[in-house]
Each structure stands twice: as structure tokens, then as C-alpha cells.
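Each chain is listed here by its residues.
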Amino acid sequence: MTTMSSSPEQQRFTASECEISNLMSAYAYRNDDYDISGLGDLFADAVFTLDGTAARGRTEIEELARSIIEVRADGRSATTHELTNIMISVDEAAGTAVGHAYWTLYRTVPGTPRDAVLSGRYLDHFAYRDGRWGFAERRATTLWSSAT
């Protein structure tokens, strides 16, 4: 029988990866729920760039989100995000991390099949501040659009 043991450093690294992965997913959930203030919270101390359009801090990210998220009559976003191929590199000593992921945006209209409308990549930079991980920068790049 094999037993697994881990050092405190390995446990901290694993906890950091989990916290960062949750941040990456939190963006999708908050976007899909049209949680504008929640998106502002995620990027209060960060820069978000979508295909060259940048928003810095809470106010700008909330304005950008309101301008690009299509909202259904029930108040939720008319789209959902799916993240895949997540890779995270953590530098615990420096308090920094980098994340990569593919994303697919689906139109979600009740009564119709989900329809992929955009796909791309995220390049994320994270910083450890005040005892927790947070976004420092997210660069979203569109690689494919159903409109093109």
C-alpha cells in the first residue's frame, strides 16, 4: 500500500492552485449571472483586456461588462462560458501566478440548443495580496467567432 504525504510547501502550492482555478471560474459564473458588481470585485485591483480593449479597476470593468453582456428578460446573461485546458504556474515566493485557459462562449436562449458563438484564450496574471490570490491582469483573446 502506498501512502501519500505532502510537505507544508506542497499543501500551500495545491491550495494556491485551487484558489486561482476558482478565480478563473468565478469570472465565468459572474458573467453568466450578469453579476456586474461581482465582476467589479474580481477586477477591483486589476486590468481586463478583451481583444485590445482594456478596463482598469472596478468602475471600468463594470462599464465594459454592461456594454458587452447580452441580457435576457430574466436578468441573466444570454450566454454561458465554458473553460478548458486550464494550466496554472505558481511562484509562491514571489506571490505571483500565471494561468492559461481556452474559453468558449455559448448563446443560451431558452427552448433552443446551446450554440457556440465565440472561442478564445485567457492569459491571466495573479498576485497574492492581503492573504489571498486575486487577478492582476486578464487578457482575453478571441480565436474564433461564428460571425466570421
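Note that the structure is predicted; figures quoted are calculated from it, not measured.

(A) Molecular detail of the overall build of the protein. Scanning the protein from terminus to terminus reveals 3 helices and 6 strands. For the protein, the α and β elements follow one another from N to C terminus as α-α-β-β-α-β-β-β-β. Taking the principal axes of the C-alpha coordinates as reference, the protein spans close to 50 × 40 × 30 Å. Among the 148 residues that make up the protein, the fraction classed as buried is 38%. Restricting the contact set of the protein to residue pairs at least 6 apart, pairs at least 24 apart contribute 51%. When the accessible area of the protein is evaluated, it comes to approximately 8,700 Å², of which 51% is carbon and sulfur surface. Taking the average location of the 14 positive side-chain charges in the protein and that of its 21 negative ones, the two points are 2 Å from each other.

(B) Representation of the pattern of salt bridges. Inspection of the entire model under this criterion finds 7 salt bridges. Of the charged contacts, one joins Asp74 and Arg72 as a salt bridge, the two residues approaching to 2.5 Å between their closest N and O atoms. Residue classification places Asp74 among the partly exposed residues on the basis of a relative accessible area of 49%. Close ionic contact of Glu82 with Arg114 constitutes a salt bridge, the shortest N to O distance being 3.1 Å.

(C) Molecular detail of helix H3 (residues 57–68). Under the 1.5 Å per step criterion, the end-to-end length of H3 is 17 Å for 12 residues, consistent within 8% with the ideal 16 Å. Inspection of H3 places Gly57, Ile61, Glu62, Leu64 and Ala65 among the buried residues, and these make up the whole buried set. Angular distribution of buried residues about the axis of H3 spans 165 degrees; they occupy a single face of the element. Relative to its buried face, H3 has exposed residues pointing more than 90 degrees away, namely Thr59 and Ser67.

(D) Spotlight on the sheet that holds strand E6 (residues 132–145). Pairing is mixed in the open sheet, where 6 strands are placed in the order E2-E1-E6-E5-E4-E3. With partners counted over all chains shown, the strands left at the sheet margins are strand E2 (53–56) and strand E3 (79–91), one partner each. Taken over all neighbouring pairs, the strand axes of this sheet differ in orientation by 15 degrees on average, direction set aside. Sheet analysis places strand E4 (residues 96–107) next to strand E5 (residues 115–129), joined by 12 bridges and oriented antiparallel. Bridge pairing in E5 places Tyr102 opposite Arg121.

(E) Fine view of the pairing of strand E1 (residues 47–50). Taken together, the 4 bridges between E1 and E2 define a ladder with antiparallel strand orientation. Of the residues in E2, the one forming a bridge with Val47 is Arg56. In this antiparallel pair of consecutive strands, E1 and E2, the connection spans 2 residues, and Asp51 shows a positive phi of 50 degrees. Sheet topology note: the E1/E6 ladder contains 4 bridges and is parallel. Bridge assignment links Thr49 to a residue of E6, and that residue is Arg139.

(F) Geometry of the nonpolar core. Counting 29 residues, the largest nonpolar core has Ile20, Phe43 and Phe126 as its most contacted members. Ignoring sequence-local partners within four residues, the contact set of Phe43 consists of Tyr27, Phe48, Gly57, Arg58, Ile61, Phe135 and Arg138.

Cut-off values and rules
Residues numbered from 1 in each chain as written. Predicted model: local features only at pLDDT ≥ 70, side-chain atom pairs only at ≥ 80, totals over all residues. Heavy atoms only, no water. Helix = DSSP H or I, 4+ residues; strand = E, 2+ residues; numbered from the N terminus. Buried < 20%, exposed > 50% of the residue type's maximum accessible area, 1.4 Å probe, protein only. Contact = heavy atoms within 4.5 Å. Areas by Shrake-Rupley, 256 points an atom, 1.4 Å probe, with all protein chains shown as cover. Lys, Arg positive; Asp, Glu negative; His and termini not counted. Charge placed at Lys NZ, Arg CZ, Asp CG, Glu CD. Salt bridge = Lys/Arg side-chain N within 4 Å of Asp/Glu carboxyl O. Expected span 1.5 Å × (residues − 1). Arc of directions from axis to C-beta. Pairing = 2+ DSSP bridges. Axes fitted to C-alpha atoms, helices over the stretch in contact; angles between N-to-C directions. Core = buried A, V, L, I, M, F, W, Y, C linked by side-chain atoms within 4.5 Å.

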